[in-house]
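Structure assessment
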Amino acid sequence: MIQARVIGKVWSTRRVPSLPRGALLEVETDGGGKLIAFDPLGCDTGETVLVTQGSVAAGYFQGQTVPVDALIIGSIDETK
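Rules and cut-offs
- Residues numbered from 1 in each chain as written.
- Predicted model: local features only at pLDDT ≥ 70, side-chain atom pairs only at ≥ 80, totals over all residues.
- Heavy atoms only, no water.
- Helix = DSSP H or I, 4+ residues; strand = E, 2+ residues; numbered from the N terminus.
- Buried < 20%, exposed > 50% of the residue type's maximum accessible area, 1.4 Å probe, protein only.
- Areas by Shrake-Rupley, 256 points an atom, 1.4 Å probe, with all protein chains shown as cover.
- Lys, Arg positive; Asp, Glu negative; His and termini not counted.
- Charge placed at Lys NZ, Arg CZ, Asp CG, Glu CD.
- pLDDT = per-residue confidence, 0-100.
- Polar contact = N/O pair within 3.5 Å; in protein donor to acceptor, adjacent residues only side chain to side chain.
- Contact = heavy atoms within 4.5 Å.

Time to look at the overall build of the protein. Each helix and strand counted, the protein has 1 helix and 5 strands in total. Mapped from its N terminus to its C terminus, the protein presents α and β elements in the order β-β-β-β-α-β. Seen through its principal axes, the protein has C-alpha atoms that stretch 40 × 25 × 20 Å. In the protein, which comprises 80 residues, the proportion classed as buried is 32%. Of the roughly 5300 Å² of accessible surface on the protein, 49% is carried by carbon and sulfur atoms. Side-chain charges of the protein comprise 7 positive and 9 negative groups, with the mean position of each set lying 8 Å from the other.

For the rest of this paragraph, the subject is the confidence of the model for the protein. Atom-level detail of predicted coordinates should not be read off regions where pLDDT is low. In the predicted model, the protein carries a mean pLDDT of 90, and the fraction of residues at 70 or more is 100%. The spread of mean pLDDT over the elements of the protein runs between helix 1 (residues 55-59), the lowest at 82, and strand 1 (residues 2-10), the highest at 96.

Another point: the side chain of Thr48. If you trace the backbone, Thr48 turns up in strand 4 (residues 48-53). Residue Thr48 is classed as buried on the basis of its relative accessible area of 13%. Among the polar contacts listed, one links the side chain of Thr48 to the side chain of Arg5, at a separation of 3.1 Å. When near neighbours in sequence (up to four residues on either side) are disregarded, Thr48 contacts Gln3, Ala4, Arg5, Gly74, Ser75 and Ile76.

Among the structural elements, Ala70 can be located in strand 5 (residues 70-76). Linking Ala70 and Thr29, residues 41 residues apart in sequence, is a C-alpha distance of 12 Å. For Ala70, the contacting residues outside a window of four places in its chain are Leu35, Ile36, Ala37, Phe38, Val51, Thr52, Gln53 and Ala57.

Here is the structure:
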């Protein structure tokens, strides 16, 4: 899992039909890398989030084959 901060939203007028409802967000990792993650939670710019990638991300959508490689699975309220 990767800790990242949401830095923006990705707007798209066209999507593949197999992509479920949700937002595409640009996130920046602690190491400075950036990626686009699918967000089923409704996170907003500035939030710290937890991201998973690969088959775990795609496997979240049971019974469907979706083109998702990075998935936001949690919003981090606080770290200690």
